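So you can see what is in the structure, the chains are spelled out below.
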Amino acid sequence: MKDPALDTLLLPFEDGLLNFFEEGAAGEKALFLRARMGFAMNAIAKDRLICLQTFAPDRDNLERAGFTVAPKADGQYPVVMLLPPRQRDEARALLAKAVKSATEGGLVVVSASNTEGARTAESDLTRLAGNTGKVSKSKCRVFWAKITAETVNHELVEEWSRQDAPRKIMEGEFVSRPGIFAWDHLDKASQLLVATLPEKLAGRGADLGCGFGYLTREVAKREKVKAIDLYEAEKRALDLAEQNLKGKTGDVALDFIWQDATKKLVRTYDFIFTNPPFHAGGKQDRADIGQEFIKSAARGLRPSGHLWLVANRHLPYEATLDKVFASYEIMANQNGYKVIRAIKANK
């Protein structure tokens, strides 16, 4: 898959406008925030880069390619690169982290597509640290700033560093933070799923794409539920779920699993419930993500196990359900959402 923002991010290094990877001192490493794997990354020596990534699919792709990946990174670096997310508070916090992570005289290099906030991100970096250069290509722009004590707006850096900090929401019921799905409210689809789920759920279940933990909290109230495994690709969300739920579900045992839920699940389950994501990056619907969640659930259920899924009414999941489950039924259909129960064959 093409990644114009990543290609554009590395363009100044390829064209010789920035020379770190060609001429950097032996042993010097760059830091890449929200790193992604793509063809352009093949031009960078694996030992010259530390990748920070909290999204499991991108982490997995980078690790398979041989890069060092971590969910957190400390210290300072002569070059800090960033592919900012769409959510503005999270993006500003990452820009502030990039500036704080650069050495005196180091560079912060940022790229975004024009349709996903490039102009705003460039303006924000300029407010934080000035603007040393920029290049546009493939409807994206890359821009960079040289970090010096004189050019950095230290007060603004500290202010923006706190913009995606975890905070209490819903009158203190949960802790959440900008940048994760429905971060400051209960989305209507999840509420419909909870209202539709039967009280008789029993045994060990799994929450695929758990977010900050709302669905698991509600399912754990069922008397016969013994354990729930929470799968979440975004570690920022999984850490919140653990903070919200650990030690707060009575006798229901919890396991928090930082993993792409489309991959092989770690156990076999009596039931699985999910409100799968249907966006990845841009605004365009991605029905294939939910379809892969359905396939993963089918593999992870015991014979006769049940999948409970909520989705936007228009998303085409029924053909996939037909292929991998013995039967399915729409249990609720209202306000633009549908709740589906699917049953795995008994052998």
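Placed above this text is the structure.
Structural notes, computed from the coordinates. (Residues numbered from 1 in each chain as written. Predicted model: local features only at pLDDT ≥ 70, side-chain atom pairs only at ≥ 80, totals over all residues. Heavy atoms only, no water.)

1. Observations concerning the sheet that holds strand 10 (residues 202-208)
As summarised here, the arrangement of the seven strands in space is 12-11-10-13-14-16-15, forming an open sheet in which the pairing is mixed. Here the strands that pair on one side only, and so sit at the sheet edges, are strand 12 (253-258) and strand 15 (327-334). The sheet shows a mean angle of 15° between the axes of neighbouring strands, direction not considered. This element, helix 9 (residues 235-245), spans strand 11 (224-232) and strand 12 of the sheet and lies at about 165° to strand 12. Here helix 10 (residues 287-300) sits on the sheet and contacts strand 10, strand 13 (269-274) and strand 14 (301-312); the angle it forms with strand 14, its principal contact strand, is near 160°. (Pairing = 2+ DSSP bridges. Helix = DSSP H or I, 4+ residues; strand = E, 2+ residues; numbered from the N terminus. Axes fitted to C-alpha atoms, helices over the stretch in contact; angles between N-to-C directions. Contact = heavy atoms within 4.5 Å.)

2. Here we look at the pattern of salt bridges
Enumeration according to the criterion identifies 26 salt bridges in this entry. Note that R59 is salt-bridged to D60, the shortest N-O span being 2.9 Å. For R59, a relative accessible area of 13% translates into the label buried. The network of salt bridges with common partners includes R34, E90, D164, R177, E234 and R236. (Salt bridge = Lys/Arg side-chain N within 4 Å of Asp/Glu carboxyl O. Buried < 20%, exposed > 50% of the residue type's maximum accessible area, 1.4 Å probe, protein only.)

3. Side note on the layout of surface pockets
Approximately 590 Å³ is the volume attributed to the second largest pocket. Lining of the second largest pocket is provided by 23 residues; of these, P71, K72, D164, R177 and R236 occupy positions nearest its centre. The set of elements that each furnish at least two residues to the lining of the second largest pocket consists of helix 4 (88-101) and helix 9. Here the lining of the second largest pocket is built from residues that sort into eight nonpolar, four polar and 11 charged. (1 Å grid on protein atoms, 1.4 Å probe; cavity = no way out; pocket = protein on both sides within 12 Å on 5 of 7 lines; lining within 4 Å. Points joined across faces, edges and corners; volume = space filled by probe spheres on them. Nonpolar A, V, L, I, M, F, W, Y, C, P; charged D, E, K, R; others polar.)

4. With respect to the environment of S113
As for its position among the elements, S113 is in strand 5 (residues 102-113). Sequence separation between S113 and H185 is 72 residues; the distance between their C-alpha atoms is 28 Å. Other than its neighbours up to four places away in sequence, S113 contacts A5, A118, K139 and C140.

5. So, the packing of helix 4 against helix 6 (residues 154-161)
Where helix 4 contacts helix 6, the axes come no closer than 8 Å and their chain directions differ by 130°. Here helix 6 runs oblique to helix 4, going by the angle between their axes. Viewed along their axes, helix 4 and helix 6 form a crossing whose handedness is left-handed. Residues R92, A93, A96, V99 and K100 of helix 4 pack against V157, E158, W160 and S161 of helix 6. Of the residues contributing to the contact of helix 4 with helix 6, the split by class is five nonpolar, one polar and three charged. (Parallel < 35°, antiparallel > 145°, perpendicular 65-115°, else oblique. Left-handed = near helix turned anticlockwise from the far one by under 90°.)

6. Comments concerning the side chain of R177
Mapped onto the secondary structure, R177 falls in the loop between strand 9 (174-176) and helix 7 (188-196). Residue R177 is classed as buried on the basis of its relative accessible area, which comes to 17%. Polar contacts involving the side chain of R177 include one to the main-chain carbonyl oxygen of D164, which spans 2.9 Å. Beyond its immediate stretch of four places on either side in the chain, R177 contacts D164, A165, P166, W183, R236 and L240. (Polar contact = N/O pair within 3.5 Å; in protein donor to acceptor, adjacent residues only side chain to side chain.)

7. A closer look at helix 4
Relative to the 20 Å expected for 14 residues at 1.5 Å per residue, helix 4 spans 20 Å between its end C-alpha atoms, a close match to the ideal helical length. For helix 4, the tally of buried residues reaches 10 of 14 residues, placing the bulk of the element in the interior. Along helix 4, the residues classified as buried are E90, A91, R92, A93, L94, L95, A96, A98, V99 and S101. Tucked into the core, helix 4 has its buried residues touching strand 1 (30-33), strand 4 (77-82), strand 5, helix 5 (118-129), helix 6 and helix 9. (Expected span 1.5 Å × (residues − 1).)

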